[in-house]
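# Results of the structural survey
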Amino acid sequence: MDQFEFEKYLDSQPKLSGTEAVGRFVKNAFGMEERVVLPDSYWRYVDWLEGEQNTDVAAYIADCDKERGEATLSENLMHWVYYDMMERKRAYEPLPDWLKFI
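To start, this report covers the structure provided alongside it. Bear in mind the structure is a predicted one, so any value in this text is a computation, not a measurement.

What follows deals with the pairing of strand β1 (residues 21–27). Both β1 and strand β2 (residues 33–39) contribute to a ladder of seven bridges, which runs antiparallel. Residue Val26 lies in a different strand from β2, and its bridge partner there is Glu34. Counting the residues in the hairpin turn of β1 and β2 gives five residues, including Gly31, whose phi is positive at 75 degrees.

See below:
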């Protein structure tokens, strides 16, 4: 799916707190600014990774971009972030307080 279709998909989802689509400019694998759109709660999680877990988010996003295949960076990053959340839960690793219900 291309970026336009991905954003339409996000807009079609139920409107709950934290699901609002938010765009940010990030550096992709080529060091160029690229607009990435994720649900607000995903960006909150990315901010938590960077602030509380000392994750190098710029490197994380660049790695994600290198392995996105036919997906957009937005779509692939959303999958990576979700996978990270689930792996942390399975391994009993820290999660943000607001996400402990999963």
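That was the structure; now back to the text.
Our next topic: helix α3 (residues 57–66). The set of residues buried in α3 consists of Val57, Tyr60, Ile61, Ala62, Cys64 and Asp65. Looking at the buried side of α3, the elements it contacts are β1, α2 (40–52) and α4 (73–90).

To continue, consider the environment of Val26. Tracing the sequence through the fold places Val26 in strand β1. Val26 gets classed as buried once you look at its relative accessible area, which sits at 12%. Along the primary structure Val26 and Glu75 are separated by 49 residues, whereas in three dimensions their C-alpha atoms are 14 Å apart. Once you skip the residues sitting within four places of it in the chain, Val26 turns out to touch Met32, Glu33, Glu34, Val36, Trp43, Ile61 and Leu73.

Glancing now at the packing of α2 against α4. Relative to each other, α2 and α4 sit at 65 degrees, their axes nearing to 10 Å. Two packed elements cross with a definite hand, and for α2 against α4 that hand is left-handed. For the pair formed by α2 and α4, the contact residues are Tyr42, Trp43, Tyr45, Val46, Trp48 and Leu49 on the first element and Leu77, Met78, Val81, Tyr82, Asp84, Met85 and Arg88 on the second. A breakdown of the residues in the contact of α2 with α4 according to their chemical character gives eleven nonpolar, no polar and two charged.

Core analysis: the biggest nonpolar cluster contains 24 residues, and Val36, Leu38, Trp43, Tyr45, Leu77, Val81 and Met85 have the highest contact counts within it. Secondary-structure elements contributing two or more residues to this core are α1 (3–12), β2, α2, α3 and α4. For Val36, the residues in contact, after removing those within four places along its chain, are Val22, Gly23, Arg24, Val26, Trp43, Leu73, Ser74 and Leu77.

Moving on to the environment of Phe25. Tracing the sequence through the fold places Phe25 in strand β1. Between the C-alpha atoms of Phe25 and Val36, which are eleven residues apart in sequence, the distance is 6.1 Å.

Our focus in this paragraph is the environment of Ala91. Within the secondary structure layout, Ala91 lies in the segment after α4. The sequence separation of Ala91 and Phe6 amounts to 85 residues, and the corresponding C-alpha distance is 30 Å.

What counts, and at which threshold
- Residues numbered from 1 in each chain as written.
- Predicted model: local features only at pLDDT ≥ 70, side-chain atom pairs only at ≥ 80, totals over all residues.
- Heavy atoms only, no water.
- Pairing = 2+ DSSP bridges.
- Helix = DSSP H or I, 4+ residues; strand = E, 2+ residues; numbered from the N terminus.
- Buried < 20%, exposed > 50% of the residue type's maximum accessible area, 1.4 Å probe, protein only.
- Contact = heavy atoms within 4.5 Å.
- Axes fitted to C-alpha atoms, helices over the stretch in contact; angles between N-to-C directions.
- Left-handed = near helix turned anticlockwise from the far one by under 90°.
- Nonpolar A, V, L, I, M, F, W, Y, C, P; charged D, E, K, R; others polar.
- Core = buried A, V, L, I, M, F, W, Y, C linked by side-chain atoms within 4.5 Å.

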